[in-house]
Amino acid sequence: MNIQSMKLIFLGPPGAGKGTISKMAAERLGVPQISTGDMFRTAVKEKTELGLRVQAILAAGGLVPDELTIAIIRERLSWPDVRQSYILDGFPRTIPQAEALAAFSSPDAAVDFEVRDDLILFRLTGRRVCRACGAIYHAVTKPPKVDGICDLCGGELYTRNDDREETVKARLRAYHEETEPLIGYYAGKGRLLTIDGSPDAETVYTTFISEIGRFLKK
Ligand code: ADP
Ligand code: ADP
Ligand code: ZN
């Protein structure tokens with residue numbers, strides 16, 4: 001696929017496969033993937049001022065305040081690497097975030113990966129992430145070749161502390177209350193692409209690639 005410009009938002013509940021599919025697109029198409037979740041987790045790990053502010057929110061499965069999240073994305077979108085293309089993985093997550101984004105960038109489409117709640121719990125409790133490179137695995141659907149070790153870089157795999165069942169429930173609640181309204185918001189602008197996120201990742205990626213073209217400028 002030859003793309004001039006591709007500015008996308010990845011919507012969908014936690015565990016829908018936003019990280020997996022956006023990393024595939026980053027690798028195969030060279031489109032920068034921007035994950036607010038990854039940015040917050042890095043800040044927590046490095047104990048920066050931001051990290052100290054958001055640590056308890058992430059641990060409880062709540063949403064970081066809009067003001068803070070918007071400021072981070074606004075700054076990141078001013079970098080030269082994202083002038084033509086980007087995939088925002090996990091931003092916006094609220095209507096105020098979407099409205100703020102519209103004031104400083106014009107996404108071509110919002111891609112909503114649909115996955116039922118029961119499948120989400122299975123995906124999140126089995127998720128393993130590489131501490132070194134951020135690669136995403138699953139204990140059942142995408143196990144590493146060697147238990148606990150990243151295929152790509154040899155780093156250690158870990159379970160995110162917000163992937164425990166109690167926290168997943170809080171995150172799903174936040175999703176249904178705050179994020180799901182964005183589906184109507186982007187549909188109303190004629191910019192919503194809905195993809196079934198439940199088949200295997202290769203199938204989801206192929207469907208995404210075959211459908212996204214009609215939202216992009218020629
Ligand atoms: P998920 O796997 O649920 O999609 P992410 O890695 O995208 O998780 O996000 C992890 C956590 O970071 C969220 O539960 C939330 O606390 C915080 N977060 C990420 N993106 C946003 C956002 N756009 N607005 C508010 N909080 C966010
Ligand atoms: P999100 O970023 O939306 O929270 P992830 O991409 O991190 O979701 O995926 C959550 C978990 O589900 C990971 O363990 C990942 O390996 C697994 N996964 C993602 N997409 C699929 C898929 N299409 N089929 C099976 N498992 C998947
Ligand atoms: Zn790795």
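Residues numbered from 1 in each chain as written. Chains lettered and ligands numbered in written order. Predicted model: local features only at pLDDT ≥ 70, side-chain atom pairs only at ≥ 80, totals over all residues. Heavy atoms only, no water.

> Whenever I open this one, the coordination of the zinc ion (ligand 3) confuses me. Can you help?
Six octahedral donors around a metal ideally subtend angles of 90 or 180 degrees, whereas four tetrahedral donors ideally subtend 109.5 degrees. Protein-derived coordination of the zinc ion (ligand 3) comes from C130 (SG), C133 (SG), C150 (SG) and C153 (SG), at a distance range of 2.3 to 2.4 Å. One can describe the site at the zinc ion (ligand 3) as tetrahedral: its four donor atoms subtend angles covering 98 to 115 degrees at the metal. When the donor residues of the zinc ion (ligand 3) are listed from N- to C-terminus, their spacing reads C-x2-C-x16-C-x2-C. Remark: C153 occurs in the loop between β6 (136-138) and β7 (157-158) and C133 occurs in the loop between β5 (127-130) and β6; sequence separation between them is 20 residues. (Donors = N, O, S within 2.8 Å, 3.2 Å for Na, K, Ca; no water. Tetrahedral: all angles 85-135°; square planar, octahedral: opposite > 155°, others 65-115°. Helix = DSSP H or I, 4+ residues; strand = E, 2+ residues; numbered from the N terminus.)

> What am I meant to see in the sheet that holds β7 here?
Across a sheet, strands are paired by hydrogen bonds formed along the backbone, either parallel or antiparallel in direction. One open sheet accounts for three strands, arranged β6-β5-β7; its pairing is antiparallel. Of all the strands in the sheet, just β6 and β7 have a single pairing partner and so form its edges. The sheet contact formed by β5 and β6 spans three bridges and is antiparallel. Pairing of R127 across the sheet is with H138, part of β6. Packing of helix α6 (residues 117-125) onto the sheet brings it into contact with β5 and β6, and relative to β5 it is tilted by some 40 degrees. (Pairing = 2+ DSSP bridges. Contact = heavy atoms within 4.5 Å. Axes fitted to C-alpha atoms, helices over the stretch in contact; angles between N-to-C directions.)

> Teacher, can you tell me more about the pattern of salt bridges here?
Side-chain pairs of opposite charge can arise whenever the charged atoms involved come near each other. Following the criterion strictly, the structure yields 14 salt bridges and no others. Here D38 makes a salt bridge to R41, at a shortest N to O gap of 2.8 Å. Residue D38 and its partner R41 are both found in helix α2 (residues 36-45); the two are separated by three residues, about one turn of the helix. For D38, a relative accessible area of 30% translates into the label partly exposed. One salt bridge connects D163 with R127, and the closest N-O pair in it is separated by 2.9 Å. One end of the pair, D163, is in the loop between β7 and α7 (165-179); the other, R127, is in strand β5, and 36 residues separate them in sequence. R127 matches D163 in its accessibility class, with the two residues each being buried. (Salt bridge = Lys/Arg side-chain N within 4 Å of Asp/Glu carboxyl O. Buried < 20%, exposed > 50% of the residue type's maximum accessible area, 1.4 Å probe, protein only.)

> Even after reading the chapter, I still don't get the site of ligand 1, so can you show me in this structure?
Taken together, 18 residues are adjacent to ligand 1, and T36, R41, G62, G90 and R171 come closest. In this structure, G90 approaches ligand 1 through a main-chain N or O atom, which is 2.9 Å from a nitrogen atom. R160 places a polar side-chain atom, nitrogen or oxygen, 3.2 Å from an oxygen atom of ligand 1. If ligand 1 stood free it would expose 560 Å²; the protein chains cover 96% of that surface. When residues of the shell around ligand 1 are assigned to their parent elements, the largest contribution, four residues, is made by α2. Here the residues of the shell around ligand 1 sort into six nonpolar, six polar and six charged. (Near = heavy atom within 4 Å. Polar contact = N/O pair within 3.5 Å; in protein donor to acceptor, adjacent residues only side chain to side chain. Areas by Shrake-Rupley, 256 points an atom, 1.4 Å probe, with all protein chains shown as cover. Nonpolar A, V, L, I, M, F, W, Y, C, P; charged D, E, K, R; others polar.)

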